[in-house]
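# Results of the structural survey
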Amino acid sequence: MESNKNQSLSTLMLGSERRRISAMVAFDPGSPSIARVYDYLLGGKDNFAVDRELAAKLMKIYPPVRQTLRESRAFLRRAINWTAGQGIGQFIDLGAGLPTSPNIHETARQTNPWATVAYVDNDPIVISHLSALVAAGDERVAVVPGDLHDTEAVLSAAKLTGLIDTSRPVCMVLALVLHFCDGPTAAALVHRYATAVAPGSYVIVTFGRADGTLADRFAGTYNRRGFATMYNHSPDDFAEFLDGLEIVPPGIAEACQIMPGHQALLIPPPAKDGQVLAAIARVPE
Ligand SMILES: C[S@@+](CC[C@H](N)C(=O)[O-])C[C@H]1O[C@@H](n2cnc3c(N)ncnc32)[C@H](O)[C@@H]1O
């Protein structure tokens, strides 16, 4: 797994600017996709044999992978509920993934029935499945096809939906996508999104990582297929991604340990060498 050392936010250059990638990934049923492999690991049905084969290899290398991903989704539900409880009524889900139950809009509406959500993804299959939500008549959900590296285009498109007003606080979700970015790019993305929206906005961030040789074995299996590159970020890298933002208690921890807004961790660190690290941060006034 590739590792990195981040630089300070003030000197960041977005890595993707040096190797600009096209807005959407091409649909190729003969190659795995990030979204479909993840869907299979979560127990979904929107995946192909090639995705299941890769997922099976990942599960062999790291048997707790499915449990770890379910814990990540459970954290996301707690984080969305908590931010909605802080008065946030608009959400931008960056790298949304295939629909899974409950989706971000369903979770947010448990606390704020009027919550609006813009789902962003660069996978055409994801866009097509998410679009069914809009086709089914949910007027407070929008789907934005695009590459999250292109922050300006993504935010402009989200605003054009009429559901997102970045002059008011918004919650941006970067869940399980930053391990597909090198460290400087991940830090720059968080910084760019956070500085483009109103003070009082929130960013929810999670990413997968591993200790020791597991990192190389897991990412090596994934990266060999050539459809994505996985990076291993440390907790210190994470703190740098959130530099300049107010980190919500309990801070950076494993997803399964966090009850947003509470200092005490829910459980001691689980004894496994693969984790999803998570945090919520607030854009200062
Ligand atoms: C592992 S899934 C995570 C889904 C969801 N955020 C969650 O945590 O449950 C990552 C998603 O990010 C999308 N993605 C990856 N790179 C992206 C990019 N550069 N721009 C937009 N979406 C991206 C993938 O297509 C996939 O749907």
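For the structure itself, look to the data block above.
Attention here is on the structure that accompanies the text. (Residues numbered from 1 in each chain as written. Predicted model: local features only at pLDDT ≥ 70, side-chain atom pairs only at ≥ 80, totals over all residues. Heavy atoms only, no water.)

What follows concerns the environment of Gly30. Among the structural elements, Gly30 can be located in the segment before helix H1 (34–41). Taking the C-alpha atoms as reference points, Gly30 and Arg225, separated by 195 residues in sequence, lie 11 Å from one another. Setting aside residues no more than four positions away along its own chain, Gly30 makes contact with Val50 and Arg225. (Helix = DSSP H or I, 4+ residues; strand = E, 2+ residues; numbered from the N terminus. Contact = heavy atoms within 4.5 Å.)

Direction vectors running N to C along H1 and helix H2 (residues 49–61) enclose 60°, while the axes themselves pass 9 Å from each other. Looking at the two axes, H1 sits oblique to H2. Once H1 is placed against H2, the crossing between them reads as right-handed. In contact with Arg36, Val37, Tyr40 and Leu41 of H1, H2 contributes Val50, Asp51, Arg52, Leu54, Ala55, Leu58 and Met59. By residue class, the composition of the contact of H1 with H2 is 8 nonpolar, no polar and 3 charged. (Axes fitted to C-alpha atoms, helices over the stretch in contact; angles between N-to-C directions. Parallel < 35°, antiparallel > 145°, perpendicular 65-115°, else oblique. Left-handed = near helix turned anticlockwise from the far one by under 90°. Nonpolar A, V, L, I, M, F, W, Y, C, P; charged D, E, K, R; others polar.)

Considering the arrangement of structural elements, one finds Thr68 in helix H3 (residues 65–85). Looking at Thr68, its side chain comes within polar contact range of the side chain of Lys272, at 3.1 Å. Ignoring sequence-local partners within four residues, the contact set of Thr68 consists of Tyr62, Lys272, Gly274, Gln275 and Val276. (Polar contact = N/O pair within 3.5 Å; in protein donor to acceptor, adjacent residues only side chain to side chain.)

It is at 10 Å that the axes of helix H6 (residues 151–160) and helix H7 (residues 183–195) come closest, and there the two elements cross at 35°. In terms of crossing hand, the pair formed by H6 and H7 is right-handed. Seen from H6, the contacting residues are Thr151, Val154 and Leu155; seen from H7, they are Leu189, Arg192 and Tyr193. Class assignment of the residues belonging to the contact of H6 with H7 gives a composition of 4 nonpolar, 1 polar and 1 charged.

Judged by side-chain polarity, Met259, Leu266 and Ile267 come together as a nonpolar surface patch covering roughly 230 Å² of accessible area. In this fold, Met259 is placed in the loop between strand E7 (253–254) and strand E8 (274–282). (Patch = residues over 30% accessible without salt bridge, like charges linked within 9 Å, V, L, I, M, F, W, Y side chains within 5 Å. Areas by Shrake-Rupley, 256 points an atom, 1.4 Å probe, with all protein chains shown as cover. Salt bridge = Lys/Arg side-chain N within 4 Å of Asp/Glu carboxyl O.)

The immediate surroundings of the ligand are formed by 19 residues, with Tyr38, Arg73, Gly95, Asp121 and Ala175 found nearest. Interatomic distance of 2.7 Å between a side-chain N/O atom of Arg73 and an oxygen atom of the ligand. Contact with the protein chains covers 95% of the free accessible surface of the ligand, which is 600 Å². Broken down by secondary-structure element, the contributors of at least two residues to the shell around the ligand are H1 and H3. The element that contributes the greatest number of residues to the shell around the ligand is H1, accounting for 3 residues. Residues that form the shell around the ligand fall into these classes: 10 nonpolar, 5 polar and 4 charged. (Near = heavy atom within 4 Å.)

The side chains of a regular strand alternate between the sheet's two faces. Burial of strand E2 (residues 116–121) is extensive: 6 of the 6 residues sit out of reach of the surface. By the alternation rule, side chains of E2 split into Thr116, Ala118 and Val120 and Val117, Tyr119 and Asp121, which are all buried. Bridge analysis of strand E1 (residues 90–94) against E2 gives 5 bridges, and the strand direction is parallel. Directly across from Gln90, in E2, lies its bridge partner Thr116. Handedness of the crossover joining E1 and E2 through helix H4 (residues 104–111) is recorded here as right-handed. The pairing of E2 with strand E3 (residues 141–145) spans 5 bridges and is parallel. What sits directly across from Val120, in E3, is Val144. With respect to chirality, the unit in which E2 leads through helix H5 (residues 124–135) into the neighbouring parallel E3 is right-handed. (Buried < 20%, exposed > 50% of the residue type's maximum accessible area, 1.4 Å probe, protein only. Pairing = 2+ DSSP bridges. Right-handed = clockwise from strand over helix to strand, strands pointing away.)

Time to look at the pattern of salt bridges. Throughout the structure, instances matching the rule amount to 7 salt bridges. Salt-bridge contacts for Asp165 lead to Arg168; the nearest nitrogen and oxygen are separated by 3.4 Å. Within this structure, Glu246, Arg282 and Glu285 form a network of salt bridges that share partners.

Next up on the list: the environment of Met172. Residue position: Met172 is located in strand E4 (residues 171–175). Taking the C-alpha atoms as reference points, Met172 and Asp121, 51 residues apart in sequence, are found 13 Å from one another. Other than its neighbours up to four places away in sequence, Met172 contacts Ile92, Leu94, Tyr193, Ala194, Val197, Tyr202, Val203 and Ile204.

Here the focus is the packing of aromatic side chains. Enumeration according to the criterion identifies 7 aromatic pairs in this entry. Ring centres of Phe27 and Phe48 lie 6.2 Å apart, and the angle between their planes is 70°; on these two criteria the pair is classed as edge-to-face. In this pair, Phe27 is assigned in the segment before H1 and Phe48 in the loop between H1 and H2, connecting sequence segments 21 residues apart. Residue Phe48 is classed as partly exposed on the basis of its relative accessible area, which comes to 29%. Taking the centre distance of 5.0 Å and the plane angle of 40° together, the rings of Tyr222 and Phe227 count as tilted. (Phe/Tyr/Trp six-rings, centres within 6.5 Å; stacked < 30°, edge-to-face > 60°.)

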